[in-house]
Amino acid sequence: MPVPDPEQLPLRDIHYPAGVSWWPLAPGWWIVLALLSIAAAGAWWWQRRKRRLMASALRVARGEFDRLRSRYASDEDAGLLVRELSILLRRLCVSIFPRTDSASLTGERWLEFLDRPLPASRFTAGPGRILLDAPYRPQVAAGDIEPLLELCDDWLDRLGDYLKGNRP
């Protein structure tokens with residue numbers, strides 16, 4: 001039998017198999033995507049819950065502040081009002097901020113903490129200083145009360161913006 005001419009044979013080049021594609025994904029990648037989706041949804045839900053709780057605490061504090069103001073208008077007990085305002089501000093701060101940031105503060109550090117949402121130091125160097133010593137005074141001057149009420153009202157208004165990231 002004659003040997004065929006190699007040029008005449010119907011041979012083709014060697015073809016390599018196609019590379020491994022990214023699609024469809026392996027089951028492990030589907031699990032990773034599911035876990036990332038769950039984590040993202042959980043983070044979104046947590047932030048939303050945190051904002052709602054802060055807004056709720058601010059609403060409750062605003063209602064309590066208005067109640068204190070109207071009660072002071074009727075009975076004019078300045079000492080009681082200052083004590084109640086101090087308690088209200090403390091409760092609100094403990095509800096909104098981490099306890100390690102606000103719960104243990106006293107004196108000047110407490111007033112500095114309250115000054116954070118404000119553009120000026122109105123607690124440490126203004127009418128808010130009455131919160132330090134008024135609970136220990138036998139009488140509180142009625143002239144000190146209205147500036148304190150205005151300061152607390154402004155502080156409650158600005159606290160919402162401060163929590164949203166709008167710093168003074």
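Our subject is the structure that appears above.
Residues numbered from 1 in each chain as written. Predicted model: local features only at pLDDT ≥ 70, side-chain atom pairs only at ≥ 80, totals over all residues. Heavy atoms only, no water.

Asker: When you look at the packing of helix α1 (residues 27-75) against helix α6 (residues 145-163) in this model, what are you seeing that I'm missing?
Answerer: How two helices pack is summed up by the angle between their axes together with the distance between the axes. Put simply, α1 and α6 touch, their axes get as near as 11 Å, and they point 170° apart. What the angle tells us is that α1 and α6 run roughly antiparallel. Contacts between α1 and α6 involve Met54, Leu58, Ala61, Arg62, Phe65, Arg69 and Tyr72 on the former and, on the latter, Ile145, Glu146, Leu149, Glu150, Cys152, Asp153, Leu156, Asp157, Leu159, Gly160 and Leu163. For the contact of α1 with α6, a count of residues per class yields eleven nonpolar, one polar and six charged. (Axes fitted to C-alpha atoms, helices over the stretch in contact; angles between N-to-C directions. Helix = DSSP H or I, 4+ residues; strand = E, 2+ residues; numbered from the N terminus. Parallel < 35°, antiparallel > 145°, perpendicular 65-115°, else oblique. Contact = heavy atoms within 4.5 Å. Nonpolar A, V, L, I, M, F, W, Y, C, P; charged D, E, K, R; others polar.)

Asker: For this particular structure, what's the right way to read the packing of aromatic side chains?
Answerer: To describe a pair of aromatic rings, one takes the distance between the centres and the angle between the planes. Counting across every chain of the model gives five aromatic pairs. Ring centres of Phe97 and Phe113 lie 5.1 Å apart, and the angle between their planes is 80°; this geometry places the pair in the edge-to-face category. Residue Phe97 is found in the loop between α2 (78-96) and α3 (99-102), and its partner Phe113 is found in helix α4 (residues 107-114); the two are separated by 16 residues along the sequence. With relative accessibility at 13%, the residue Phe97 sits in the buried group. With 6.5 Å between their ring centres and 85° between their planes, Phe123 and Trp155 make a pair best called edge-to-face. With Phe123 in the loop between α4 and α5 (130-133) and Trp155 in helix α6, the pair connects residues that are 32 residues apart, well separated along the chain. A relative accessible area of 0% means that Trp155 is categorised as buried. (Phe/Tyr/Trp six-rings, centres within 6.5 Å; stacked < 30°, edge-to-face > 60°. Buried < 20%, exposed > 50% of the residue type's maximum accessible area, 1.4 Å probe, protein only.)

That is the geometry; function is a separate question.
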